[in-house]
Amino acid sequence: MENEFDVIVLGTGLSESISAAALARAGLKVAHIDPNAYYGADEATLTLDELCQWADTHTSSNFTLERESQSIQYQVQYRSPDILPHSKQYSLSLSPSVIPSVGPFISSLVSSGVARYGSFKLLGPVSLYHDGQFTSVPQNKESIFQDRTIPLIEKRRLMRFLMFASGDFENSPELQGKENIPFDEFLRQSFSLGENIAQVVIFALAYCNFSGESTLMALHRVRSCLRSTGRYGSSPFLVGYYGGSGEIAQGFCRSAAVNGGVYILGRRISNIVINEPLSPGDHDQESSYRYSVELDDFPDPLRSSCLLSSPSHVPDYLRLHATRIPTSDNCSPSASHHRVLAMARCIVIVDGAVSLPRLNGSDDVPHSEGESDSLLVVFPPGSLNHGSMISSVHVLTAGPGTMSAPTGKSIVHLSMPLYERGGSSKDLLDPYLAAMLSTSSPSAKPLFQLFYMQYFPSTDGGGRAGVTSDFCVSPALQPDIPQSADHAAQHAERSFWHVMQSVRPGLSLEKEQGIWTNVDIGNIGDEDPEW
Amino acid sequence: MHNVKRGPQSQAAIQARKERERSKISEYLALTEDVISRKKASDWSQEAFDQTQHLLQLNPEFYTIWNYRRNIMLNGIFPRSTPEEINNLLANELVMTTTALKAHPKVYWIWNHRRWCLENVPDGPAVDDQPSLQWRKANWDRELAVVEKMLDADARNFQAWNYRRYVLASLPVQRPETSDLAYTTRKISASFSNFSAWHQRSKVYSSLWNAGQLDPYLMPTKEFELVHNALYTDPDDQSAWIYHRWLIGSGDNMEQLQQEVAVIEELLGEQPDSKWCMDSLVYYNRLILEKHRPGSEELRQRCLDLLQELANIDSPRKLRYQEIGGC
């Protein structure tokens, strides 16, 4: 029957879209639903007019924080009144991120074939703000050699640390007993790194949100950053065209659709019913489809034997019934006591390009990879007057180079992670915006500004954990410019296996093959029969 | 090829392959015989010229045929061609050999052929009734671009570096040496583990020094600074150490020697297992002992301590350290 599926996926966020594509490719009948009229959910990429519409539905006046909610909530605190011309030429991401060149996300992009749907380019140099200036972040031997602002002894120590961090440090003597001490202490004790260099490592190689994050987790992040350098160029990250995240989520949805997935956008989920088997008077008694999802303005409910949902789309009345899929220890936000409860964000469109003077590269050396308008800047805690003393602020720019803005315009995304909810994103981020715009010459002028607060659930929600179930909730995705793409891919992989176990329990699948092999026989034609 | 399984081949398949190869072998042998007999007969015709091209495409290392080809050009084609036709022919040769180089980048005979072609480009074209150097300049400039492209692809191809020196020397209009310095700086910055780049740098400096164009104080200071950056970033990289030895030279400058010893001692303090640090310290301290402070017991003892340590960490070369210690 047309309305019966193996799995219904709720929410077209990045993680769910990857899962849907993998499940469809594995031969399941997938229906993918999103109440929004656009793909991507919390990672969506919107045009300027779509963003303004979105902002209008989330303004301060109609906002009350629901403390127990499992959804990500938004509170728009300031919006420039006028919409700019050519508004459809802007691709603005609600969760800007970069793609590590080595990692589960890029592997998924390649193995699924979704990489072919989009274009990518290298992120430009990463800069760190220090003492009123923007300095390049040394990522490898060559850039350390060229950087004349680092004293010789520090170069040696930093190189020694980088060699350590890019290898297998888990059982190393330097780390024993120190896995949970604050990272800056570890760098000082075990590698005698000075404060300036330690800041670079903590905030621009490990991309920590706050000072004092623990060593082992930070080391993992440094290692994945170092291992990504050099694959496509000196930068460890790629950026997607057309605003990145939402475009890529859409690509995965397209892949799911190509494999038979059914998509329904823009319809609110009015009800989800669990059909207990053998309930009296139920004329679908023969049907083994347990879940019934009803949508507004949609004639018949959709039925499936399994549900996969993002945390935001689980109705409250079913919260206890659903099973949370656990994250691995490495990326679990609740493992550390530095849980991010909110993020101050802003999206600014400026006239002209945002360029940063390169201060410590050698003058003899031309910038061989061409000027990129995609830049990542880190403001460590305490680096800016009137800025935050505890949070690290990330700035990601985008421009015509990635088709994210029309010629002559640039987009600046700022984000500041917060321990506590409350406050004005405009007050918090204005000093950083001013620092970014004052360095370009002539000073880039802001044409449009949107300031908002993003609130994350304070708990992991109720529900059972770890039990095989047919109602799975994917782990919450914390926005994190360098990491969220890989986290989304990891969450998607776990969700895939949970759903597969539920829907095809008898099927034995090799987990080493990954989630993109075709389970259905029939697609082995590309292998050459003759070696 | 690695990791490619060879399927079990049937007798028939093996036979078929041998047949195909046999015909290729006989084709090759027939072609070779044809060309060699033409050569013996001093055949300078266009047909002979074309045959050499076929043969060289199959086997670019057959240097006799390259020689023959050049002789055909000299004896058969050039005498009946205008300078412009000669220029075009040689330009063609360069294009053909560029393609051959992409497949065989290290075959000496192809490089040789290019040299010969470049050296035989006639003066021209005529400008204001006088033969200009434009053809030559254009070909040599293009040659420099080709070799620099090869160096971009593999910055440690020492044949290419050598060839580049030859091209620079042959340019009709010489480039300033300072621009060459900048080129080596670029290559070293891209990867300082590049012995050829450091070596080229030393050659540029030598020639600038001989021409009296170097500041005797400023240049060494800046160069030591540059090499210190390399040493501290990676003390295991030997190209930088060898350049450092060249900078020290004969060791006549005592102040310089002492400064450098201090720098290296500091590095050794940071990286106590660095073999190169210890080895260099022994070398430089011995220079000091020899040239400036012959009686110093302190320096002598330092050398012996270092040599002992070296014998421990680099036991394959134990005897060498013991021998140095003995004298």
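Remember, predicted model here, so these are calculated numbers, not experimental data.

### Concerning the pairing of strand S20 (residues 445–455) of chain A
Residues and elements named next belong to chain A.
1) Next: Burial analysis of S20 places eight of its 11 residues in the buried class, the great majority of the element.
2) Next: Relative to S20, strand S4 (residues 73–79) runs antiparallel, the two sharing six bridges. Bridged to Gln 75 within S20 is Met 453.

### A short note on the packing of aromatic side chains
Residues and elements named next belong to chain B.
1) Next: Summed over the entire model, instances satisfying the criterion amount to 34 aromatic pairs over all chains.
2) Next: Relative to Tyr 166, the ring of Trp 140 has its centre 5.7 Å away and its plane inclined at 70°; by these criteria the two rings are edge-to-face. One end of the pair, Trp 140, is in helix H6 (residues 134–153); the other, Tyr 166, is in helix H7 (residues 158–170), with 26 residues separating them in the sequence.
3) Next: You can call Trp 140 buried: its relative accessible area is 4%.

### A few points about the domain arrangement of chain A
All names here are of chain A.
1) Next: For chain A, the domain assignment lists domain 1 (4–43 + 243–331 + 460–513), domain 2 (48–89 + 119–138 + 233–240 + 341–455) and domain 3 (140–228).
2) Next: Across the domain 1/domain 3 interface, buried area totals approximately 400 Å², and carbon plus sulfur atoms make up 48% of it.
3) Next: Remark: the boundary between domain 1 and domain 3 carries zero salt bridges.
4) Next: Across the domain 1-domain 3 interface, the total number found is zero residue pairs in polar contact (both at pLDDT 80 or more).
5) Next: Classifying every residue of the side of domain 1 that touches domain 3 by side-chain character gives one nonpolar, two polar and one charged.

### Focus: the nonpolar core
1) Next: One finds Met73(B), Leu90(B) and Trp198(B) to be the most contacted residues of the largest nonpolar core, which totals 88 residues.
2) Next: Contact partners of Met73(B), with chain neighbours within four places excluded, come to Phe49(B), Phe78(B), Pro79(B), Leu89(B), Leu90(B), Glu93(B), His113(B) and Trp116(B).
3) Next: Core analysis: the second largest hydrophobic core is formed by 43 residues, Val98(A), Leu158(A), Ile181(A) and Phe203(A) among them.

### Things to note about helix H8 (residues 215–228) of chain A
Residues and elements named next belong to chain A.
1) Next: Look at H8: 20 Å from first C-alpha to last across 14 residues, which is about the 20 Å you get at 1.5 Å a residue.
2) Next: Listing the buried residues of H8 in full gives Thr 215, Ala 218, Leu 219, Arg 221, Val 222, Arg 223, Cys 225, Leu 226 and Ser 228.
3) Next: Among the structural elements, strand S6 (99–100), helix H5 (152–166), helix H6 (183–191), helix H7 (195–204) and strand S10 (237–240) are those in contact with the buried residues of H8.

What counts, and where the lines are drawn
- Residues numbered from 1 in each chain as written.
- Chains lettered and ligands numbered in written order.
- Predicted model: local features only at pLDDT ≥ 70, side-chain atom pairs only at ≥ 80, totals over all residues.
- Heavy atoms only, no water.
- Buried < 20%, exposed > 50% of the residue type's maximum accessible area, 1.4 Å probe, protein only.
- Helix = DSSP H or I, 4+ residues; strand = E, 2+ residues; numbered from the N terminus.
- Pairing = 2+ DSSP bridges.
- Phe/Tyr/Trp six-rings, centres within 6.5 Å; stacked < 30°, edge-to-face > 60°.
- Domains from an automatic or database assignment.
- Buried area = accessible area lost by both parts, 1.4 Å probe.
- Salt bridge = Lys/Arg side-chain N within 4 Å of Asp/Glu carboxyl O.
- Polar contact = N/O pair within 3.5 Å; in protein donor to acceptor, adjacent residues only side chain to side chain.
- Nonpolar A, V, L, I, M, F, W, Y, C, P; charged D, E, K, R; others polar.
- Core = buried A, V, L, I, M, F, W, Y, C linked by side-chain atoms within 4.5 Å.
- Contact = heavy atoms within 4.5 Å.
- Expected span 1.5 Å × (residues − 1).

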